[in-house]
Amino acid sequence: MSPDADHTPQRRPTRAETKARTRRLLLDAAARTYARKGFAGASVEEIAEAAGFSIGAVYSNFGSKERLFVELLKERASEQVSRATRIVADAQAGDDPVPALGRLLANAADKDPDFAPLQAEFWLYAVRNPPLMETLAEELRGPRAELESLMGKALEHIGAPGAVPADAVATIAMALFQGLLRQRRIDPASVPDELLGQAMQWLFAGIAASGTATGAQGPDSTDDPAATDAPAAADRPEENR
């Protein structure tokens, strides 16, 4: 029997698999190039060469350098939200989410050095190009909706009052992550691994305490001290009515 008789030919990748691999390589190359040179400084030629393809591969897969940029933003935002979702899901099974959230921040800041520069570049490009701002916002609505759902479940878990909007908490959580990420890249010692988890604990503790205080006041309470100290109209002297 020939030694090659039992050899099974390797399956050729499908067209869809080849396309997905090409897109993946182009996105990775774009992330490195945009982070290093910024959007304006990065050329399609550089991105294609870094990925090992011709310029045509960029245009056939994304249509333009700008569209590639938008796709990269959406993908990176989705990745971070998905990781946070898995962390919270694990926490519901009994694990403490604080160390895991800290690792999420540390990984983004330390093991993905392109992430913080990309965030800054995305923001700068959007504010300098108002027509593109709505496109970028639209692409981020998917990851944002996922984060809002995550925050809604967390609010239910702590028994937060219904008036606390999950979308607002999602905005705060996103801002915390982005701000701490940039600060850690500048001064790592000022943002220890556990700070993001602690910040989220403080945020939800404040929300829970606010709900408790509101409930303790009762439905007929008021925040106006003058209203409680002043005599009712019927009890005031006639001349003061």
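Residues numbered from 1 in each chain as written. Predicted model: local features only at pLDDT ≥ 70, side-chain atom pairs only at ≥ 80, totals over all residues. Heavy atoms only, no water.

**A few points about a nonpolar patch on the surface**
Working step 1: A cluster of nonpolar side chains, Trp 123, Val 127 and Met 133, forms an exposed patch at the surface whose accessible area comes to about 300 Å².
Working step 2: Looking at the secondary structure, you find Trp 123 in helix α6 (residues 115–128). (Patch = residues over 30% accessible without salt bridge, like charges linked within 9 Å, V, L, I, M, F, W, Y side chains within 5 Å. Areas by Shrake-Rupley, 256 points an atom, 1.4 Å probe, with all protein chains shown as cover. Salt bridge = Lys/Arg side-chain N within 4 Å of Asp/Glu carboxyl O. Helix = DSSP H or I, 4+ residues; strand = E, 2+ residues; numbered from the N terminus.)

**Considering the packing of aromatic side chains**
Each aromatic ring pair is described using two quantities: the centre-to-centre distance and the angle formed by the ring planes.
Working step 1: A full pass over the atoms with the stated rule returns 5 aromatic pairs.
Working step 2: Pairwise contacts between aromatic rings join Tyr 34, Phe 39, Phe 69 and Tyr 125 into one cluster. (Phe/Tyr/Trp six-rings, centres within 6.5 Å; stacked < 30°, edge-to-face > 60°.)

**Remarks on the pattern of salt bridges**
Working step 1: Within this structure, the stated rule accounts for 8 salt bridges.
Working step 2: For Glu 46, the salt bridge is made with Lys 37, and the minimal N-O distance between the two is 2.8 Å.
Working step 3: A residue is classified by how much of its surface remains accessible, and Glu 46, at 25% relative accessible area, is partly exposed.
Working step 4: Owing to a relative accessible area of 39%, Lys 37 belongs among the partly exposed residues under this scheme.
Working step 5: Here Glu 71 and Arg 67 are joined by a salt bridge, their closest N and O atoms 3.0 Å apart. Highlighted residues: Glu 71 and Arg 67, both in helix α4 (residues 65–92), separated by 4 residues, approximately one helical turn.
Working step 6: The partly exposed category is assigned to Arg 67, whose relative accessible area is 25%. (Buried < 20%, exposed > 50% of the residue type's maximum accessible area, 1.4 Å probe, protein only.)

**A look at the confidence of the model for the protein chain**
Working step 1: Of all residues in the protein chain, 79% attain a pLDDT of 70 or more, and the chain-wide mean is 79.
Working step 2: Within the model, the stretch residues 214–241 combines pLDDT values under 50 with 7 contacts to residues more than four positions away or in other chains. (pLDDT = per-residue confidence, 0-100. Contact = heavy atoms within 4.5 Å.)

**Some points on the side chain of Glu 121**
Working step 1: Its location among the elements puts Glu 121 in helix α6.
Working step 2: For the buried Glu 121, no salt bridge is present, and the opposite-charge side chain at shortest range is Arg 128, 5.6 Å distant.
Working step 3: Each residue touching Glu 121, except ones within four places of it in the same chain, is listed here: Gly 38, Phe 39 and Phe 69. (Lys, Arg positive; Asp, Glu negative; His and termini not counted.)

**A look at the packing of helix α1 (residues 15–41) against helix α2 (residues 44–51)**
Describing two packed helices takes the angle between their axes plus the distance from one axis to the other.
Working step 1: Where α1 contacts α2, the axes come no closer than 8 Å and their chain directions differ by 145 degrees. Between α1 and α2 the crossing geometry is right-handed. Contacts between α1 and α2 involve Leu 25, Leu 26, Ala 29, Ala 30, Arg 32, Thr 33, Tyr 34, Arg 36, Lys 37 and Gly 41 from the first element and Glu 46, Ile 47, Ala 48, Ala 50 and Ala 51 from the second.
Working step 2: Of the residues assigned to the contact of α1 with α2, the class counts are 9 nonpolar, 2 polar and 4 charged. (Axes fitted to C-alpha atoms, helices over the stretch in contact; angles between N-to-C directions. Left-handed = near helix turned anticlockwise from the far one by under 90°. Nonpolar A, V, L, I, M, F, W, Y, C, P; charged D, E, K, R; others polar.)

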